[in-house]
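This is what each chain is made of:
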Amino acid sequence: MRIARFSIDGNVAFGAVEGDKQDELVLDIIKGIPFTDFELSGTKVPLSKVRLLPPVLPNKVVAYGRNYAEHAKELGNEVPDVPFAFFKPSTSVIGSGDEIQYPSFSQELHHEAELAVVIGRLCREVPRERVADVIFGYTCANDVTARDVQKREKQWARAKGFDTSCPLGPWVETDLDLATASDLTVQLTVNGEQRQLGRTSEMIHSIEDLIVNITEAMTLLPGDVILTGTPAGVGPLNVGDEVAVTIEGIGTLTNKVVKRG
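Presented here is an overview of the structure given in this document. Bear in mind that the values here come from a model prediction, so they are computed numbers and not experimental data.

### Some thoughts on the environment of Ala72
Step number 1: With respect to the helices, strands and loops of the structure, Ala72 is situated in helix H1 (residues 69-74).
Step number 2: For Ala72, a relative accessible area of 0% corresponds to the buried category.
Step number 3: Here the alpha-carbon distance between Ala72 and Pro231, two residues 159 residues apart in the chain, equals 8.9 Å.
Step number 4: With residues near it in sequence (within four places) discarded, Ala72 still touches Arg66, Asn77, Glu78 and Val79.

What follows is the structure, encoded as structure tokens:
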């Protein structure tokens, strides 16, 4: 099931996305929230009539760096022996169709296409054999990075945590099992030109590795998001660019870059 979060007439709701053709998609409004047992209301609205929001509002976004060998190599970094985690704040999250604001303190903004894992239940110290049980679904992400600031400041808080630096969407796909999610095509285009192309099977540390790693240290809550790393091909974004992340079996996350007002 594809579950989207949206607004219409000033109201915010979750809905199940139905249909195959983009211009014919409709939302069946969900009663309540999707992290517990829920029912479909039967009230349907065309996707074209709503504004898509970030599919979840995470308490925290845990991101993993250098999890594809070719990406680590292209930036001159060593491949880490263990998963390498950092955080993006909830205020960095935007949805598909929202604008990425080019930060005033950077002159080198980069795109990073990633598979995002959405957590479905409160969990801590998750054993490897139970990882699938805590996953709600998967969505597309763009770990937008002020590369010059990242290099200059060493700490990544500003470089990767600025407002609008974490586009997520367009929805959460809940029907992918862990084995399938571990071998999906991830691609990114800028103004229609392909920049990144890889597969999640190229990850150094698997989805299981990442969830075991972070839950050894902290509790994850329903709606929290794990970013699993980016394949090679990261590169610059400029004001006016349209950047699109497409992940096999999920959909396409599209955002435009604008000058910060």
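### A look at the pairing of strand S15 (residues 185-190)
Step number 1: Alignment of S15 against strand S16 (residues 193-199), held across 6 bridges, turns out to be antiparallel. The partner of Val186 across the bridge, within S16, is Gly198.
Step number 2: Strand direction decides the pairing type here: S15 and strand S19 (residues 242-247), joined by 5 bridges, are antiparallel. The residue bridging Leu188 from the neighbouring strand is Val245, located in S19.

### Observations concerning the sheet that holds strand S13 (residues 145-146)
Step number 1: A sheet is described by the order of its strands in space; here 3 strands give the open sequence S13-S10-S18, paired in antiparallel fashion. The sheet is open, and its two edges are formed by S13 and strand S18 (235-237), each paired on a single side.
Step number 2: Across 2 bridges, strand S10 (residues 109-111) lies against S13 in antiparallel orientation. In the strand pairing of S13, His110 is matched with Thr145.

### Description of the packing of aromatic side chains
Step number 1: According to the stated counting rule, one finds 4 aromatic pairs in the structure shown.
Step number 2: Relative to Phe162, the ring of Phe105 has its centre 6.2 Å away and its plane inclined at 85 degrees; by these criteria the two rings are edge-to-face. Of this pair, Phe105 sits in the loop between strand S9 (99-102) and S10 while Phe162 sits in the loop between helix H4 (157-161) and strand S14 (166-173), placing them 57 residues apart in sequence.
Step number 3: A relative accessible area of 5% places Phe162 in the buried class.

### Re the layout of surface pockets
Step number 1: In this structure, the largest pocket encloses a volume near 260 Å³.
Step number 2: Taken together, 19 residues form the lining of the largest pocket, with Arg66, Leu75, Asn77, Gln150 and Trp156 sitting closest to its centre.
Step number 3: Elements supplying a minimum of two residues to the lining of the largest pocket: strand S6 (61-65) and helix H3 (147-153).
Step number 4: The dominant element in the lining of the largest pocket, judged by the number of residues it contributes, is H3, at 3 residues.
Step number 5: Per-class residue counts for the lining of the largest pocket are 4 nonpolar, 7 polar and 8 charged.

### So, the nonpolar core
Step number 1: Within the largest apolar cluster, 45 residues are counted, with the highest numbers of intra-cluster contacts made by Tyr138, Ile207, Ile211 and Ile226.
Step number 2: With 5 residues, the single largest contributor to this core is helix H6 (residues 207-215).
Step number 3: Beyond its immediate stretch of four places on either side in the chain, Ile226 contacts Val62, Tyr64, Leu115, Ala116, Val117, Ile119, Leu210, Ile214 and Leu220.
Step number 4: Residues Val118, Cys166, Val172 and Val225 belong to the second largest nonpolar core, which totals 18 residues.

### Let's talk about H6
Step number 1: Along H6, 7 of the 9 residues are buried, which leaves the element largely enclosed by surrounding structure.
Step number 2: The complete set of buried residues in H6 reads Ile207, Glu208, Leu210, Ile211, Val212, Ile214 and Thr215.
Step number 3: Summarising the contacts, the buried residues of H6 are in contact with S6, strand S11 (113-119), helix H2 (131-134), strand S12 (135-142), helix H5 (178-181) and strand S17 (225-227).

Each value, and the rule that gives it
- Residues numbered from 1 in each chain as written.
- Predicted model: local features only at pLDDT ≥ 70, side-chain atom pairs only at ≥ 80, totals over all residues.
- Heavy atoms only, no water.
- Helix = DSSP H or I, 4+ residues; strand = E, 2+ residues; numbered from the N terminus.
- Buried < 20%, exposed > 50% of the residue type's maximum accessible area, 1.4 Å probe, protein only.
- Contact = heavy atoms within 4.5 Å.
- Pairing = 2+ DSSP bridges.
- Phe/Tyr/Trp six-rings, centres within 6.5 Å; stacked < 30°, edge-to-face > 60°.
- 1 Å grid on protein atoms, 1.4 Å probe; cavity = no way out; pocket = protein on both sides within 12 Å on 5 of 7 lines; lining within 4 Å.
- Points joined across faces, edges and corners; volume = space filled by probe spheres on them.
- Nonpolar A, V, L, I, M, F, W, Y, C, P; charged D, E, K, R; others polar.
- Core = buried A, V, L, I, M, F, W, Y, C linked by side-chain atoms within 4.5 Å.

Limitation: the analysis is restricted to geometry and does not speak to function.
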